[in-house]
2 protein chains.
Amino acid sequence: MQRKYTIAVDAMGGDAAPGMVIEGLHKSAAFINKNGVAIRLYGDEAQINPLLQKFPAVAAMSEVVHTSEKVMPDDKPSNVIRRGRTTSMWLAIESVRNGQADAVVSAGNTGCLLGISKLVISMLPGVKRPAITTCVPSKKNKRTVLLDLGANSECNEVNIFQFLIMGSLYAKIICGQARPKAAILNIGSEAGKGLDYLTRASDMVSANKENLDFDYAGFAEGDDIFKGEVDVIATDGFSGNVALKTLEGAAKFITSSLKSAIKSSWIARLGAAIMLPQLLKFRNKFDPRKYNGAVFLGLNGIVVKSHGGTDAVGFANAVQYAAALVSADFNSSVRDKMEKIKL
Amino acid sequence: MQRKYTIAVDAMGGDAAPGMVIEGLHKSAAFINKNGVAIRLYGDEAQINPLLQKFPAVAAMSEVVHTSEKVMPDDKPSNVIRRGRTTSMWLAIESVRNGQADAVVSAGNTGCLLGISKLVISMLPGVKRPAITTCVPSKKNKRTVLLDLGANSECNEVNIFQFLIMGSLYAKIICGQARPKAAILNIGSEAGKGLDYLTRASDMVSANKENLDFDYAGFAEGDDIFKGEVDVIATDGFSGNVALKTLEGAAKFITSSLKSAIKSSWIARLGAAIMLPQLLKFRNKFDPRKYNGAVFLGLNGIVVKSHGGTDAVGFANAVQYAAALVSADFNSSVRDKMEKIKL
């Protein structure tokens, strides 16, 4: 099989690495193969090779690059930059800069992955700041793309405008939205509300209207994340992080309260058993593993952060985000768009 | 009965006013009486009087101040300031400034209520900015106080520090927390993370430690709203508004998905019917009416905004917040605290 693209995978990142990583690759093997993607696996051969024997489909598409060093969960980016240049995470990121890979996926330490990626991989021409991006479930069985989730605590109008552009291209590939509706997060949906730089970002969208591939929906509020009426919501990294953590916390709290209600009596258990297929469908809809993978957009290479505590199903999802983005040539689309817009 | 405090109620604000308002007062009559509170009802006598005949307990504690004008849902504060000084909302707010009432409750237009309150009622001595405050359910059957929810799109360290003080005094009265744990919302919980002014706010707390009635818990993240480990979370009005709208949207989306799952087949309905008592308990826990009422803290008088679409149960809750705060002399506590702290 000819493989046109390569994804560098940090085999040692994540609570259950490398087993979870290799099994995740196994679960996404069909998708990876279909998209003509090869895998470079960075990590400890002694641990990886036995796993590859267990999962031959992964062995068939992977090349192992051995290193015995890895980034630890409590490492600071500055320490890794000084002393960690032979860790699996560093080498995987470096392979993108060297042109050996188009993307990198890691379930390791978020701060280090972001810090090293920003340092090692340059920005895409024209893009001012990277954005951490993910999508969450919304009504009408849709997904909403949210960015930035914390790469930039403060933003200006150019950042927000560029997030709308990158987020919309992302929604096309990842959520299959032919022409996404994109909005700016604000407090109040009427024009002129909230912070001034958001109004300036809004004006920037209007001034570039004919060169954009999305429909601008104006300002959105926090609850619009779930309504399925907009496909992309752009915001600064502080508010985006607050929104994401709040929605994750709310979902966990509500579903755990439902679980307690079910477990509180035998008669409730009986009722739940009777409606089990529907309860499972409900649970499946909000399964965080189906949305696992935060993508750093705007760098000269795709970087995907998987949740550190996820399992093989979640990791497979993160890898598939990377495979979909590289095989759709996401970064070329961003580069083209950046040349056309006026700031 | 001797009534020591007075609450001015805008009888004409809210989708179902004045019926919902008078019935809400009826539902909170025992609480109002117990706290020695009298009601001044601002609105149209022709509509209010027949309702008072229906609810004699409300008639017994209320004085009606007639006006035929009211603030409309789409009114702008500037219009009301120019032409709406005989509306029920304006007059109710003005009664606080005139010393005829200690608090005002309205389910009318939020922007107008906030704008007019800021204009008409002065700030409490020492308080720099008002904060919109509410509480939401959390684990361990507790509540978390959140502020600011949108009065100030941007804040500085003094604002955040004062929000912690006011929010903690609020948690004592409204949530019965003897010594609340209070935190600052940030992205990342380690010291030094996130925005600089939040670190300065944190330092300000430490410098005033011996004069504070709360335990400082450092930085919190969005999901800490629900964990029941901190009782108060202070943030700027932009992030606070995003967090509140996001959690409301997430709760609505998840519970409506559960409802659809239950309604999707007769067998699911059967299962749900069997576990109905537990499902009702679950629903009751997240009933937004139990948390209805956003309080503007920091003004020289308590202002409570009820949701415009709520019913009598929700409105009763908002009125009880006002009654609890005035009868516990909330504003004197804030004033005392402000004299003791160093900024």
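Residues numbered from 1 in each chain as written. Chains lettered and ligands numbered in written order. Predicted model: local features only at pLDDT ≥ 70, side-chain atom pairs only at ≥ 80, totals over all residues. Heavy atoms only, no water.

This part covers the overall build of chain A. The helix and strand inventory of chain A stands at 14 helices and 11 strands. What you see for chain A is a C-alpha radius of gyration of 21 Å, in line with the 20 Å of a compact globule of 343 residues. Along the first, second and third principal axes, the C-alpha set of chain A runs to 60 × 60 × 40 Å. In chain A, 73% of the contacts between residues at least 6 apart in sequence involve partners at least 24 apart. Carbon and sulfur atoms form 49% of the exposed surface of chain A, whose accessible area is close to 13700 Å². Side chains of chain A carry 41 positive and 32 negative charges; the gap between the two charge centres is 5 Å. (Helix = DSSP H or I, 4+ residues; strand = E, 2+ residues; numbered from the N terminus. Rg over C-alpha atoms; globule rule 2.2 N^0.38 Å. Contact = heavy atoms within 4.5 Å. Areas by Shrake-Rupley, 256 points an atom, 1.4 Å probe, with all protein chains shown as cover. Lys, Arg positive; Asp, Glu negative; His and termini not counted. Charge placed at Lys NZ, Arg CZ, Asp CG, Glu CD.)

In this section: the sheet that holds strand β7 (residues 181-185) of chain A. Residue and element names in this part refer to chain A. Read across the open sheet, the 11 strands follow the order β3-β2-β1-β4-β11-β10-β5-β6-β9-β7-β8; overall the sheet is mixed. A strand with exactly one partner marks an edge of an open sheet, and here the two such strands are β3 (62-66) and β8 (215-220). The sheet shows a mean angle of 25° between the axes of neighbouring strands, taken without regard to direction. Relative to strand β11 (residues 302-305), strand β4 (residues 103-106) runs parallel, the two being bridged by four bridges. Paired with Val-104 across the strands is Val-303, a residue of β11. Packing against the sheet, helix α7 (residues 110-120) makes contact with β4, β5 (131-138), β10 (294-297) and β11, and its axis sits at approximately 170° to β11. (Pairing = 2+ DSSP bridges. Axes fitted to C-alpha atoms, helices over the stretch in contact; angles between N-to-C directions.)

This brings us to a positive patch on the surface. Residues A:Lys139, A:Lys140, A:Lys181 and B:Lys252 make up a contiguous surface patch of positive charge. Along the polypeptide, A:Lys140 turns up in the loop between β5 and β6 (142-147). (Patch = residues over 30% accessible without salt bridge, like charges linked within 9 Å, V, L, I, M, F, W, Y side chains within 5 Å. Salt bridge = Lys/Arg side-chain N within 4 Å of Asp/Glu carboxyl O.)

With that settled, the discussion passes to the interface of chain A and chain B. On the chain B side, the residues contacting the 51 residues of chain A number 51 residues. Buried area between chain A and chain B, summed over both chains or domains, comes out near 4300 Å², and the portion from carbon and sulfur atoms is 80%. For the pair chain A and chain B, the number of links is two salt bridges. Salt-bridge contacts for B:Lys245 lead to A:Glu221; the nearest nitrogen and oxygen are separated by 2.4 Å. Our count for the contact surface shared by chain A and chain B stands at eight residue pairs in polar contact (both at pLDDT 80 or more). (Buried area = accessible area lost by both parts, 1.4 Å probe. Polar contact = N/O pair within 3.5 Å; in protein donor to acceptor, adjacent residues only side chain to side chain.)

Okay, the packing of helix α10 (residues 237-263) of chain A against helix α12 (residues 276-285) of chain B next. Two numbers describe a pair of packed helices, the interaxial angle and the distance between the axes. In the contact formed by α10(A) and α12(B), the axes pass within 9 Å of each other and the chain directions differ by 155°. Taken together, the axes of α10(A) and α12(B) lie roughly antiparallel to each other. As for how α10(A) packs across α12(B), the hand of that crossing is right-handed. The residues of α12(B) that touch α10(A), namely those facing A:Phe253, A:Ile254, A:Ser257, A:Leu258 and A:Ala261, are B:Gln278, B:Leu279, B:Phe282 and B:Lys285. Split by residue class, the contact of α10(A) with α12(B) holds six nonpolar, two polar and one charged. (Parallel < 35°, antiparallel > 145°, perpendicular 65-115°, else oblique. Left-handed = near helix turned anticlockwise from the far one by under 90°. Nonpolar A, V, L, I, M, F, W, Y, C, P; charged D, E, K, R; others polar.)

Two orientations exist for strands paired in a sheet by backbone hydrogen bonds: parallel and antiparallel. Residue and element names in this part refer to chain B. In space, the 11 strands of this open sheet follow the order β3-β2-β1-β4-β11-β10-β5-β6-β9-β7-β8, with mixed pairing throughout. Strands at the two margins of the open sheet, each flanked by one partner only, are β3 (62-66) and β8 (215-220). Recorded for the sheet is a direction-independent mean angle of 25° between the axes of neighbouring strands. Pairing of strand β10 (residues 294-297) with strand β11 (residues 302-305) involves three bridges; the strand directions are antiparallel. By the bridge assignment, Phe-296 is partnered in β11 with Val-303.

Attention now moves to the packing of helix α6 (residues 88-97) of chain B against helix α7 (residues 110-120) of chain B. All names here are of chain B. Put simply, α6 and α7 touch, their axes get as near as 10 Å, and they point 30° apart. The angle between α6 and α7 places the two elements in the roughly parallel class. Between α6 and α7 lies a crossing whose hand is right-handed. Of the residues in α7, those in contact with Met-89, Trp-90, Ile-93, Glu-94 and Arg-97 of α6 are Cys-112, Leu-113, Ile-116, Ser-117, Leu-119 and Val-120. Of the residues contributing to the contact of α6 with α7, the split by class is eight nonpolar, one polar and two charged.

Before going further, it helps to spend a moment on α7(A). Residues and elements named next belong to chain A. Turning to α7, its buried residues number three or more, namely Cys-112, Leu-113, Leu-114, Ile-116, Ser-117 and Val-120. Against α5 (77-83), α6 (88-97), β4, β5, β10 and β11 lie the buried residues of α7. For α7, the N-terminal cap is Asn-109; the gap from its side-chain oxygen to the backbone nitrogen of Gly-111 is 3.1 Å. (Buried < 20%, exposed > 50% of the residue type's maximum accessible area, 1.4 Å probe, protein only.)

Before going further, it helps to examine the environment of A:Lys140. Residue and element names in this part refer to chain A. Residue classification places Lys-140 among the exposed residues on the basis of a relative accessible area of 58%. Expressed as a C-alpha distance, the spacing of Lys-140 and Phe-226, which sit 86 residues apart in the sequence, is 9.4 Å. In this structure, Lys-140 is in contact with Lys-227, Gly-228 and Glu-229, ignoring residues within four places of it in sequence.

A few words now on the environment of A:Gln2. Residues and elements named next belong to chain A. Residue position: Gln-2 is located in the segment before β1 (5-10). Here Gln-2 falls in the exposed class, since its relative accessible area comes to 76%. For the pair Gln-2 and Ala-38, spaced 36 residues apart in sequence, the C-alpha to C-alpha distance is 8.9 Å.

Below, the discussion takes up the pattern of salt bridges. Residue and element names in this part refer to chain A. Counted by the stated rule, this structure contains 26 salt bridges over all chains. Lys-337 is paired through a salt bridge with Asp-213; the nearest N and O atoms lie 3.2 Å apart. Pair noted here: Lys-337 is in helix α14 (residues 330-340) and Asp-213 is in the loop between α9 (196-207) and β8, with a separation of 124 residues, a long-range link. Since its relative accessible area comes to 9%, Lys-337 is described here as buried. Salt bridges here are not isolated pairs; linked through shared partners, they connect Lys-172, Asp-213 and Lys-337.

Before going further, it helps to spend a moment on the nonpolar core. As a rule of thumb, nonpolar side chains are buried together in soluble globular proteins. Counting residues in each nonpolar core, the largest one holds 247 residues, and the members touching the most others are A:Leu25, A:Leu41, B:Leu25 and B:Leu41. Ignoring anything within four residues of it in the chain, the contact list for B:Leu41 reads B:Val9, B:Ala11, B:Val21, B:Ile22, B:Leu25, B:Ile48, B:Leu52, B:Ser62, B:Glu63, B:Val64 and B:Val65. (Core = buried A, V, L, I, M, F, W, Y, C linked by side-chain atoms within 4.5 Å.)

The next point concerns the confidence of the model for chain A. Looking at chain A, the pLDDT average stands at 95 and 100% of residues meet or exceed 70. Predicted as a complex, the structure gets a pTM of 0.95 and an ipTM equal to 0.94. (pLDDT = per-residue confidence, 0-100.)

A cis amide bond, omega 0°, links A:Ala17 with the succeeding residue A:Pro18. Here A:Pro18 shows up in the loop between β1 and α1 (19-27). Here B:Leu147 and B:Asp148 are connected by a cis peptide whose omega angle stands at 0°. Checked against the element boundaries, B:Asp148 lands in the loop between β6 (142-147) and α8 (157-174). The phi torsion at B:Lys140 lies on the positive side, around 60°, for a residue other than glycine.

What follows covers the relation of the copies chain A and chain B. With an axial shift of 0.0 Å and an RMSD of 0.0 Å, the rotation relating chain A to chain B amounts to 180°. In the structure described here, the two chain copies are related by an operation that fits a two-fold rotation axis. Looking at the rotation axis and the C-alpha trace of chain A, the residue lying nearest is A:Gly271, at 1.9 Å. Of the interface residues in chain A, 100% have counterparts in chain B that sit at the interface too, so the contact is made through matching surfaces. (Least-squares fit on C-alpha atoms with pLDDT ≥ 70 in both.)

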